[in-house]
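Descriptive structure summary
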Amino acid sequence: MTAIRFSLCMLMTCAVVSFAADDARAQTLSAEEMVQQKDNWNEWAAEERKLQITGRYDGGLGRQFRLKTLEIRFNSERGTELPEKMQADQRLTVSGRLRKAGDRFEFSVSRLIIGDTDRQRMAERALEVPESYPERLYALADEYAAVAKYYEDTALQADVATLRRRAVNLQRRAFSDDAAQLSSLADRAEALQLDARDVAAIRFQSLATQTTAKNFDRAAVLDRIRSQLPGWDDASQTVPAELEQSFLKNSVAAYDKASDLERRVLNRRFFRQVRLPDLQRKLAADGSNGLDLAAEARQELPEETAAIGELETAFLDFKLSQVRQLSRPQLQELSELLLHHDRGDDFQKAVNDWLAEQRDRFVDRGLSGILRTADEYLFAYERWKNEEHQQQGIDLLKQAWQVAATTEPKEAELIGQRLERYGWTRLHDRWMTTEQVKELPRTDIELAMREGRVVPGMSGQQVTRTLGEPQRIVRVLSSRFVQEIWVFGNSGSSGVSVVMKRLSRQAPDDARVFSVTQSGR
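Residues numbered from 1 in each chain as written. Predicted model: local features only at pLDDT ≥ 70, side-chain atom pairs only at ≥ 80, totals over all residues. Heavy atoms only, no water.

Here we take up the overall build of the protein. Counting its secondary structure elements, the protein contains 23 helices and 13 strands. Against the 2.2 N^0.38 benchmark of 24 Å for 521 residues, the protein shows a C-alpha radius of gyration of 54 Å, more extended than a compact globule. For the protein, the C-alpha atoms occupy an extent of roughly 180 × 55 × 35 Å along the three principal directions. Residues counted as buried form 44% of the 521 residues belonging to the protein. Contacts in the protein between residues at least 24 apart in sequence constitute 53% of all its contacts with a sequence separation of at least 6. (Helix = DSSP H or I, 4+ residues; strand = E, 2+ residues; numbered from the N terminus. Rg over C-alpha atoms; globule rule 2.2 N^0.38 Å. Buried < 20%, exposed > 50% of the residue type's maximum accessible area, 1.4 Å probe, protein only. Contact = heavy atoms within 4.5 Å.)

Structure follows, in structure tokens:
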């Protein structure tokens, strides 16, 4: 027997190899093609057609053997026997004639060529491909993928996947500086159903490479991150210090080594790295939009506390420069931010500057302007409890009362009521605090009138202003005095008797309260 080992390439193209004149006339078919044309077997057997079939060895005994997927018994003629130690799945190319014996098909083998297994031959051919020609590896893998699929050869399928991975890795190195090529490579790897981790690593490298370009399209990169990097929006996990250092040193290398969970963390870290500068570059030169950007950053990037603080600081500095034009709500908002950022001194100055502006704008506009200014100072006191602001507000109310006292008595009365709520009383032509009023003697006429009491020394007009007109008057005359008893209310327990007394030569208006008696006492 002449046993010749041919490569699979030869085996697959043996139809064009002239082994002998008789073989050249043979119809060349693969095992798969034989199965596809099974309906022709009866005709070919009747004709004893000369065939050349390429397939996989599937075991045998003596001169008989099988080829995988073919329901044909192959019988070796003398001189074409198989060697004793045949490997399963070795490639065989057999020439001969198809016959039929009863219900069985037989093939009389007149010529036999033995080759390597598909796995062996693919490995040999792959070694012959230079690293600079990865496309040849793809073509080789595609060729054997079809074979693996037909024979349901999981081992060959795994080899095909490894070969494709080798081609992808070669191209990944070649495209290391080309984001677009890497993106296409990731799509190709995914279409070839390579390991999802490898695909994810290439996609990340593509994105990382894209961000190294000057003036890269951040919006496009962010869209890709959101669609391709799972976990980009998960702010619940922090980046461990060691992983952070590795990422900063070489993000692609760190990503390749990371576990699936770590990759989710790094996807988020990468999103922050791209998104934060996108927000920062939108900051207006005067910082006027800093608060809006800070809110946006806090919503999307709560981890970036320092950067958020910087955006808010830019806004605060802008607002401080505009503090005199702020409304009350804007001032409150500013004060909260200043206090939140531990800028107490700036806060106090901002409020004082704002109040000074209100005084400059309104205080010289008459009664309404003074009241407006007082309101602003008292608002500031109610909001921030600065005693100085309250005192300035009260002083302005007193000033307003003084203006209104001669021109708008009703308004003066309302202003006086407001002052009383702050603990001030108008007595003896001056404003007195509650404490000062308490120190006055109970016989003080103005104090008694305010409290609705009659005390000795009051004039008749003061009595009527306090109690009204008496219900009856009893007059008692002597040579020296005129004494009148003014009776108010009932004669029972609720009545009041006031004794008015003057000298006989004095006018009635000169009479003064001599004594006061409460009925029933």
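After that view of the structure, there is still more to cover.
So, about helix α23 (residues 460-467). Every α-helix winds through 3.6 residues per turn, so residues three or four apart in the chain are directed the same way. Listing the buried residues of α23 in full gives Gly 460, Val 463 and Thr 466. Seen end-on, α23 carries its buried residues on one side only, within an arc spanning 125°. For α23, exposure combined with an orientation more than 90 degrees from the buried face picks out Gln 461 and Arg 465. Turning to α23, the residues buried within the fold contact α22 (445-451), β11 (481-488), β12 (496-503) and β13 (512-518). Following α23 by one or two positions, Gly 468 has its phi on the positive side, about 90°. (Arc of directions from axis to C-beta.)

Moving on, we come to the sheet that holds β13. The sheet built from 4 strands is open, its strands ordered β10-β11-β12-β13 with antiparallel pairing. The strands lining the two open edges of the sheet, one partner per strand, are β10 (472-477) and β13. Between one strand axis and the next, the sheet turns through 20° on average, direction left out of account. The strands that α23 touches are β11, β12 and β13; relative to β11, the one it contacts most, it runs at about 5°. (Pairing = 2+ DSSP bridges. Axes fitted to C-alpha atoms, helices over the stretch in contact; angles between N-to-C directions.)

A separate point is the pairing of β11. Pairing geometry for β10 and β11, over 6 bridges, is antiparallel. Within β11, the position partnered with Val 476 by the bridge is Gln 483. The turn joining β10 and β11, which pair antiparallel and follow one another in sequence, is formed by 3 residues. Both β11 and β12 contribute to a ladder of 8 bridges, which runs antiparallel. What sits directly across from Val 482, in β12, is Arg 502.

Its location among the elements puts Thr 209 in helix α9 (residues 196-210). On the basis of relative accessibility, which here comes to 13%, the residue Thr 209 falls in the buried class. Engagement of the side chain of Thr 209 in a polar contact is seen with the backbone oxygen of Ser 176, the distance being 3.4 Å. In this structure, Thr 209 is in contact with Ser 176, Asp 177, Asp 178, Ala 179 and Leu 182, ignoring residues within four places of it in sequence. (Polar contact = N/O pair within 3.5 Å; in protein donor to acceptor, adjacent residues only side chain to side chain.)

Before going further, it helps to spend a moment on the packing of aromatic side chains. This model, assessed by the stated rule, comprises 12 aromatic pairs. Measuring from ring centre to ring centre gives 5.2 Å for Trp 401 and Trp 431, while their planes differ by 85°; the resulting arrangement is edge-to-face. Placement of the pair is Trp 401 in helix α19 (residues 387-407) and Trp 431 in strand β9 (residues 430-433), with a sequence separation of 30 residues. Residue classification places Trp 401 among the buried positions, given a relative accessible area of 15%. Judged by its relative accessible area of 13%, Trp 431 falls in the buried class. Members of the aromatic cluster, each reached through a chain of ring pairs, are Phe 204, Phe 247, Tyr 255 and Phe 270. Positioned above the aromatic ring of Tyr 381, the side-chain terminus of Lys 385 is 5.2 Å from the ring centre. One residue, Lys 501, lies across the ring of Phe 514, its end atom 4.7 Å from the ring centre. (Phe/Tyr/Trp six-rings, centres within 6.5 Å; stacked < 30°, edge-to-face > 60°. Lys NZ or Arg CZ within 6 Å of the ring centre and 35° of its normal.)

All right, on to the pattern of salt bridges then. Applying the stated criterion across every chain, the model contains 45 salt bridges. The residue Arg 73 makes a salt bridge to Glu 106 at a minimum N-O spacing of 2.0 Å. With Arg 73 in strand β5 (residues 72-76) and Glu 106 in strand β7 (residues 104-117), this residue pair connects regions lying 33 residues apart in the sequence. Given the relative accessible area of 18%, Glu 106 is considered buried. With its nearest N and O atoms 3.2 Å apart, the salt bridge here joins Arg 165 to Asp 198. Of this pair, Arg 165 sits in helix α7 (residues 154-174) while Asp 198 is found in helix α9, placing the two residues 33 residues apart along the sequence. (Salt bridge = Lys/Arg side-chain N within 4 Å of Asp/Glu carboxyl O.)

Before going further, it helps to examine the packing of helix α18 (residues 366-384) against helix α20 (residues 409-421). Packing of α18 against α20 brings their axes to within 13 Å, and their N-to-C directions diverge by 15°. Looking at the two axes, α18 sits roughly parallel to α20. Both α18 and α20 take part in a crossing whose hand is left-handed. From α18, Leu 367, Leu 371, Asp 375 and Leu 378 reach across to α20, where they touch Glu 411, Ile 415 and Arg 418. Split into classes, the residues belonging to the contact of α18 with α20 amount to 4 nonpolar, no polar and 3 charged. (Parallel < 35°, antiparallel > 145°, perpendicular 65-115°, else oblique. Left-handed = near helix turned anticlockwise from the far one by under 90°. Nonpolar A, V, L, I, M, F, W, Y, C, P; charged D, E, K, R; others polar.)

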